[in-house]
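What the coordinates show
Listed here are the chains, written in short residue letters.
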Amino acid sequence: MKRLLLTALLSTTLCRLHALEIPPGGMEANGAVVLQASASKGAGTVENLTRGKRITITKPDAAKPYTAQFTAPIADGIAKNERVLAIIKARVIGAAETGEVMAKLQLRAAPYTSFGSTPGVAVFREWTEQPVLFVADADVPADKAAVVLLCGQKEQSIEVESIRVLKYPADVAVSNFPRARLIKKSYAGREPDAPWRKTALERIEQHRKADLSMIVTGDDGKPAANAEVKLSLRRHAFGFGSAVVAKRFSGESEDDKRYREIVDRLFSIVVFENDLKDGNWSPDFDEKRKTQRNAELNRAFEWFAERHIPVRGHYLMQVATPFNLHDIKDSTVIRERTLASVKERLEFVKDRVVEWDVINHPIAWNGADMLNKRPGLEKLDRDIFALARSLTKLPFFVNEDQVFRPGPQCDDTLVYIQALNEAGFTVAGLGNQAHFHESYLPSPEHLLEVTDRFAKVVQRQSITEYDIVTTDDEELAADYTRDVLISVFSHPAYTSFLFWGFWEGSHWKPEAASWNKDWSIRKRGEVLEEWIGRRWHTEVTLKTDAKGSVKWRGFPGWYEMQVTGQKSVMVLPAPTSSNP
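If you're wondering where the values come from, they're calculated on a predicted model, not measured in any experiment.

What counts and how
Residues numbered from 1 in each chain as written. Predicted model: local features only at pLDDT ≥ 70, side-chain atom pairs only at ≥ 80, totals over all residues. Heavy atoms only, no water. Helix = DSSP H or I, 4+ residues; strand = E, 2+ residues; numbered from the N terminus. Rg over C-alpha atoms; globule rule 2.2 N^0.38 Å. Areas by Shrake-Rupley, 256 points an atom, 1.4 Å probe, with all protein chains shown as cover. Lys, Arg positive; Asp, Glu negative; His and termini not counted. Charge placed at Lys NZ, Arg CZ, Asp CG, Glu CD. Phe/Tyr/Trp six-rings, centres within 6.5 Å; stacked < 30°, edge-to-face > 60°. Buried < 20%, exposed > 50% of the residue type's maximum accessible area, 1.4 Å probe, protein only. Lys NZ or Arg CZ within 6 Å of the ring centre and 35° of its normal. Axes fitted to C-alpha atoms, helices over the stretch in contact; angles between N-to-C directions. Parallel < 35°, antiparallel > 145°, perpendicular 65-115°, else oblique. Left-handed = near helix turned anticlockwise from the far one by under 90°. Contact = heavy atoms within 4.5 Å. Nonpolar A, V, L, I, M, F, W, Y, C, P; charged D, E, K, R; others polar. Pairing = 2+ DSSP bridges. Salt bridge = Lys/Arg side-chain N within 4 Å of Asp/Glu carboxyl O. Core = buried A, V, L, I, M, F, W, Y, C linked by side-chain atoms within 4.5 Å. pLDDT = per-residue confidence, 0-100.

1. Comments concerning the overall build of the protein
Looking only at helices and strands, the protein features 11 helices and 27 strands. Here the C-alpha radius of gyration of the protein, 27 Å, is about what a compact globule of 580 residues would show, namely 25 Å. Considered along the principal axes of its C-alpha atoms, the protein spans approximately 100 × 65 × 50 Å. Of the accessible surface of the protein, which amounts to about 26,400 Å², a share of 52% is contributed by carbon and sulfur atoms. Across the protein, the 78 positively charged side chains and the 78 negatively charged ones have centroids separated by 2 Å.

2. A short note on the packing of aromatic side chains
By the definition in use, this model includes 30 aromatic pairs. When the centroid spacing of 4.7 Å and the interplanar angle of 65° are considered together, the rings of F249 and F304 count as edge-to-face. In this pair, F249 is assigned in the loop between β14 (239-244) and α3 (254-266) and F304 in helix α4 (residues 287-306), connecting sequence segments 55 residues apart. Like F249, the residue F304 is buried in the burial classification. Between the aromatic rings of F385 and F425, the centroid separation amounts to 5.9 Å while the plane-to-plane angle is 70°, which identifies the pairing as edge-to-face. Separated by 40 residues along the polypeptide, F385 in helix α7 (residues 380-391) and F425 in the loop between α8 (408-422) and β19 (429-432) bring together distant segments of the chain. Among the aromatic residues, those joined into a cluster by ring pairs are F249, Y259, F267, F272, F301, W303, F304, F502, W503, W515 and W519. The ring of W281 is capped by R293, whose NZ or CZ atom sits 3.5 Å from the centre of that ring.

3. Considering the packing of α8 against helix α9 (residues 444-454)
Direction vectors running N to C along α8 and α9 enclose 20°, while the axes themselves pass 11 Å from each other. As the angle between them shows, α8 and α9 are arranged roughly parallel. With respect to the hand of their crossing, α8 and α9 are arranged in right-handed fashion. Where α8 approaches α9, its residues C410, D411, T413, L414 and I417 are matched on the opposing element by V450, R453 and F454. For the contact of α8 with α9, the residue count by class is 5 nonpolar, 1 polar and 2 charged.

4. Describing the sheet that holds strand β13 (residues 228-236)
Strand order across the open sheet formed by 4 strands is β23-β13-β25-β26, with antiparallel pairing between neighbours. The open sheet has two free edges, formed respectively by β23 (539-543) and β26 (569-571), since each of these has just one partner strand. The mean angle between the axes of side-by-side strands here comes to 30°, regardless of whether they run parallel or antiparallel. Summarising the sheet, β13 and strand β25 (residues 557-563) pair through 7 bridges and their orientation is antiparallel. Considered in β25, the bridge of L233 is made with Y559.

5. With respect to the environment of P73
Secondary-structure assignment places P73 in strand β5 (residues 68-73). By relative accessible area, P73 is classed as buried at 7%. The spatial distance from the C-alpha of P73 to the C-alpha of F238 is 48 Å, given a sequence separation of 165 residues. The residues contacting P73, other than those within four sequence positions of it, are A29, N30, G31, V33, V34, Q36, R108, A145 and A146.

6. Section: the pattern of salt bridges
All told, the structure shown has 38 salt bridges when counted by the stated rule. A salt bridge links E306 to R299, with the shortest nitrogen-to-oxygen separation between them at 3.7 Å. Residue E504 is joined to R522 by a salt bridge in which the shortest nitrogen-to-oxygen separation is 3.5 Å. One end of the pair, E504, is in the loop between β22 (494-499) and α11 (523-535); the other, R522, is in the loop between β22 and α11, and 18 residues separate them in sequence. You can call E504 partly exposed: its relative accessible area is 28%. The exposure class assigned to R522 is buried, which follows from its relative accessible area of 13%. In this structure, a network of salt bridges that share partners links the residues R190, R197, D479, R482 and D483.

7. Concerning the nonpolar core
If you look at the biggest cluster of nonpolar residues, it comprises 111 residues, and the most contacted ones within it are L231, V263, F272, F304, W356, Y466 and F497. Considering every element that reaches this core, the biggest residue donor is helix α10 (residues 474-490), with 9 residues. In this structure, A29, I57, L105 and V147 belong to the second largest nonpolar core, which totals 35 residues.

8. Let's talk about the side chain of E100
Among the secondary structure elements, E100 is positioned in strand β7 (residues 99-107). E100 gets classed as buried once you look at its relative accessible area, which sits at 7%. Not counting chain neighbours up to four residues away, the residues in contact with E100 comprise G120, V121, V123, L150, C151, Q153, K154, Q156, I158, I183 and K185.

9. Details of the confidence of the model for the protein
Averaged over every residue, the pLDDT of the protein is 92; the share at 70 or more is 96%. Within the model, pLDDT remains below 50 along residues 1-18, and this stretch shows 12 contacts once partners closer than five positions in the same chain are excluded.

10. Describing the packing of helix α5 (residues 331-349) against α7
Where α5 contacts α7, the axes come no closer than 10 Å and their chain directions differ by 25°. Compared by their axis directions, α5 and α7 come out roughly parallel. In this structure, α5 crosses over α7, and the sense of that crossing is right-handed. Contacts between α5 and α7 involve R335, T338, L339, V342, K343 and L346 on the former and, on the latter, L380, D383, I384, L387, A388 and L391. In terms of residue class, the contact of α5 with α7 is built from 8 nonpolar, 1 polar and 3 charged.

11. Comments concerning the sheet that holds strand β10 (residues 145-150)
Strand pairing in a sheet relies on backbone hydrogen bonds. The paired strands run either parallel or antiparallel. Spatial ordering of the open sheet is given by β2-β5-β10-β7-β8, a layout of 5 strands whose pairing is antiparallel. Two strands close off the open sheet at either side, each with one partner strand: β2 (36-39) and β8 (120-123). On average, each strand axis in the sheet is tilted by 30° relative to the strand beside it, whichever way the strands run. Pairing geometry for β7 and β8, over 4 bridges, is antiparallel. The residue bridging M102 from the neighbouring strand is G120, located in β8.

12. Quick look at unusual backbone geometry
Across the junction of A110 and P111, the peptide omega takes the value 15°, indicating a cis bond. Of note, P111 is situated in the loop between β7 and β8. Here H314 and Y315 are connected by a cis peptide whose omega angle stands at -20°. With respect to the secondary-structure elements, Y315 resides in strand β16 (residues 311-318).

Laid out in structure tokens, this is it:
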């Protein structure tokens, strides 16, 4: 009986290892070194096994899973859209019932750029083969890429026997590949009755609303006494918005029209995604291209002004060398081109934006290389600040990503802003890009704590590029979007919250869009409709007094006013009570 039971268990294990149905036609892509393992000092230990490696995490850090990792180098080059299948044979040992690794297709060395999704893959107590498919989103040269399994995020002991890597042509259907068993992600504070949310909503009610009033006049310009007035909020004073593309506001396609309809209906601020960046103002552009660029921008600015939609300026200088300067080695040329471009863009835009991201990515994903790796450019950011201040009085922001993640990009951004302020280059605000991935979703309470920290060094803050990437979990994306919106809107330091795109047809990460390519709405888009469009909306019907005055409590901003017998007009009522 024992022998039969043992045989059955062995059979089950073997079935787990060999049940994968792998599509034919894959090319082996592993390098000569099949498997490597490493752990930062203090995070855990690495052991060599007869077959494979073991990493034991003793000091986990959810914000720094990269402190321990298994690596399978890839010898071949990878073309954009090629399919890369990693077959991970692993198990978890010790007390944990299941382990977890975050699988990435990335560069082996800094800046460790990823070239696809980053799923959280389950690791079980028995040896199991888990297939992970990556669709490369860019070309990668030979001997530069690797499949990496990050595991420093939780206390666990994981053994990996092998990571087999196969490469397939881009025309092989994704549906042909086996799927891994993934770890379901969540975040602290997601519960429906979470105390932080109740408190935050109370702050919104108290501090974001105001006592509003106005004098209503008739067609003759005199106060309209005892008149019925309907007022409906059309444009929040707080900046709810998105990155946009200038050409969409002069195009006549059905997609362009749908795009504009959503912007007009939901948003109260926008930022051009790429149109005002240095790369779109190259001195090498011919006159035709410059003329088209300027015409598209001018029409877009006109469209926004007609609808009382302010525009953020993004950006004047990026410290992480932008793509258009990568091939220039002469620091003098880089300096002259950057200063000339800043001057040209400021003179073109004038006062058509309300603020500028003067410095973008001062810390960046691989360090601020324009300042610390290019001799002669060490103070270029300060030269840009000085030039920009001589040309405009608009508020200046520093814009950086991963500020909510504990570590250098948070700490060093704070130090950078403090240094600029101490040197007399006043930083009015922090632009917090807030690109999130399900692998690390800080609690809303943590977001508020970080906001409090930066409020000590800047007058205002903005979420400038929000998006969230999940692995087939739209409900998680929607819930987290809702809670980030609530927490940010509840904090008086914030003046705006912008998404980095909203439509799949025009989004740097299509999987993070709020509307699909066919304009069907995703759950995260429903969050925008519910909270910006309905819950945080004011609509009242009032009667003027003898002096034509009406008073109400609501969200400040532009209102559509309809007086009986008159055409509707847009009005900006004056607050009679202070707001943050």
